[in-house]
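Structure at a glance
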Amino acid sequence: MAEPNQNVKQAFENASKKFSFRGIELCNAFELPELTIIACSGKIGQLIGKKGTVIAELSRALNKKIRVVEHSANAKKVVSDLIGNARLVGVNEVFSPIEKSINVFVNRNDREKLVAKPEALEKAAEEILQVRTRFEFV
């Protein structure tokens, strides 16, 4: 898994000092043209902060929108965090003799609600979950 870039690490450390959040580990970050996805483990609710103050600080520091995702082996939780307001129809794990993969089904009417292109979200999910991921709209 790729390491978060230095800008994300620095912004995370500065916010950690400023807001004194504990028990959160920065696991990875994905830079997309429209936003930065930050994958963390621990009490990620602290990263939002009261009235969104912590996430707003990170957003200002990185000059991008931020999406916080819980770094977890639970595919449904990770995908739910990634897709935001889009309605998740289901997550199917597919086992074959060659590999395990995940098919994510999102409501077709919510395609425009995704925070990034499906291909970018697939790559982020693959990095976090360490398994091939495919988004489908149903």
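The notes below deal with the structure included here. (Residues numbered from 1 in each chain as written. Predicted model: local features only at pLDDT ≥ 70, side-chain atom pairs only at ≥ 80, totals over all residues. Heavy atoms only, no water.)

What about helix α4 (residues 75-83)?
A turn of α-helix holds 3.6 residues, and therefore any two residues three or four places apart point the same way. So the rule is basically this: Between buried and exposed lies partly exposed: a residue is buried under 20% and exposed over 50% of the maximum accessible area for its type, with that area taken using a 1.4 Å probe on protein chains only. Where helices and strands are cited, they refer to DSSP runs of H or I of at least four residues and of E of at least two residues respectively, numbered from the N terminus. Every residue pair with non-hydrogen atoms within 4.5 Å of one another is taken to be in contact. The term polar contact refers here to a pair of N or O atoms within 3.5 Å; inside protein, the definition further demands a hydrogen-donor-capable atom paired with an acceptor-capable atom, and it admits residues adjacent in sequence only when both atoms are side-chain atoms.
Among the residues of α4, those classed as buried are Ala-75, Val-78, Val-79, Asp-81, Leu-82 and Ile-83. The inward-facing, buried residues of α4 abut β2 (35-42), β3 (65-70), β4 (88-95), β5 (100-106), α5 (118-129) and β6 (132-137). Between the side-chain oxygen of the N-cap and the backbone nitrogen of Lys-76 there are 3.1 Å, and the N-cap of α4 in question is Asn-74. Of the residues one or two after α4, Gly-84 is the one with positive phi, at around 65°.

Some thoughts on the packing of aromatic side chains
The condition that has to hold: Note on aromatic pairs: the rings of Phe, Tyr and Trp (six-membered ring only in Trp) are paired at centre separations within 6.5 Å, and the planes decide the class, stacked below 30 degrees, edge-to-face beyond 60, tilted for the rest. By definition here, charges over rings are those cases where NZ of Lys or CZ of Arg is within 6 Å of the ring centre and within 35 degrees of the ring normal.
On inspection of all chains with the given rule, the structure shows one aromatic pair. The interplanar angle of 65° and the centroid separation of 5.5 Å between the aromatic rings of Phe-12 and Phe-21 together place this pair among those described as edge-to-face. Here Phe-12 falls in the buried class, since its relative accessible area comes to 8%. Assessed through its relative accessible area of 5%, Phe-21 is described here as buried. Arg-111 extends its terminal NZ or CZ atom over the ring of Phe-137, reaching a point 4.0 Å from the ring centre.

Description of the side chain of Glu-122
As a reminder, the rule being used: Charge counting follows a simple rule: Lys and Arg are positive, Asp and Glu are negative, and His as well as the terminal groups are ignored. Salt bridges are identified by distance alone: a Lys or Arg side-chain nitrogen within 4 Å of an Asp or Glu carboxyl oxygen.
Mapped onto the elements of the fold, Glu-122 is located in helix α5. Lacking a salt bridge, the buried Glu-122 has Arg-134 as its closest oppositely charged neighbour, with an N-O distance of 6.1 Å. Only 2.7 Å separates the side chain of Glu-122 from the backbone nitrogen of Phe-135, close enough to count as a polar contact. Those residues in contact with Glu-122 that sit more than four places away from it in its chain are Thr-133, Arg-134 and Phe-135.

Here we look at unusual backbone geometry
In this model, Lys-51 sits at a positive phi of 55°, which is unusual for a non-glycine residue. Secondary-structure assignment places Lys-51 in the loop between α2 (45-48) and α3 (53-62). Of note in the backbone geometry, Asn-63 takes a positive phi value of approximately 60° without being a glycine. For Asn-63, the location among the structural elements is in the loop between α3 and β3.

Some words on the packing of helix α1 (residues 6-19) against α3
Keep this limit in mind: In this analysis, axes come from line fits to C-alpha atoms, helices being fitted only over the stretch in contact, and the angle between any two N-to-C directions falls in the range 0 to 180 degrees. The crossing is said to be left-handed when, going from far helix to near helix, the turn is anticlockwise and less than a right angle, and right-handed when the turn is clockwise. In the scheme used here, Gly and all other residues not listed as nonpolar or charged are polar, with Ala, Val, Leu, Ile, Met, Phe, Trp, Tyr, Cys and Pro taken as nonpolar and Asp, Glu, Lys and Arg as charged.
The interhelical angle for the contact between α1 and α3, taken along N-to-C directions, is 145°, at an axis separation of 10 Å. Seen from above, α1 lies across α3 with right-handed handedness. Packed against α1, whose contacting residues are Asn-7, Val-8, Ala-11, Phe-12, Ala-15, Lys-18 and Phe-19, the element α3 presents Thr-53, Val-54, Glu-57, Leu-58, Ala-61 and Leu-62 at the interface. Here the contact of α1 with α3 is built from residues that sort into nine nonpolar, two polar and two charged.

Topic: the pairing of β5
Rules: The pairing criterion is simple: DSSP has to find at least two bridges between the two strands.
Counting buried residues in β5 gives six out of seven residues, a clear majority hidden from the surface. Pairing geometry for β4 and β5, over seven bridges, is antiparallel. Within the sheet, the bridge partner assigned to Leu-88 lies in β5 and is Val-106. Hairpin connection between β4 and β5: a loop of four residues separates the two successive antiparallel strands. Taken together, the six bridges between β5 and β6 define a ladder with parallel strand orientation. Paired with Ser-101 across the strands is Arg-132, a residue of β6.

Read these as layout, nothing more, since geometry by itself doesn't imply function.
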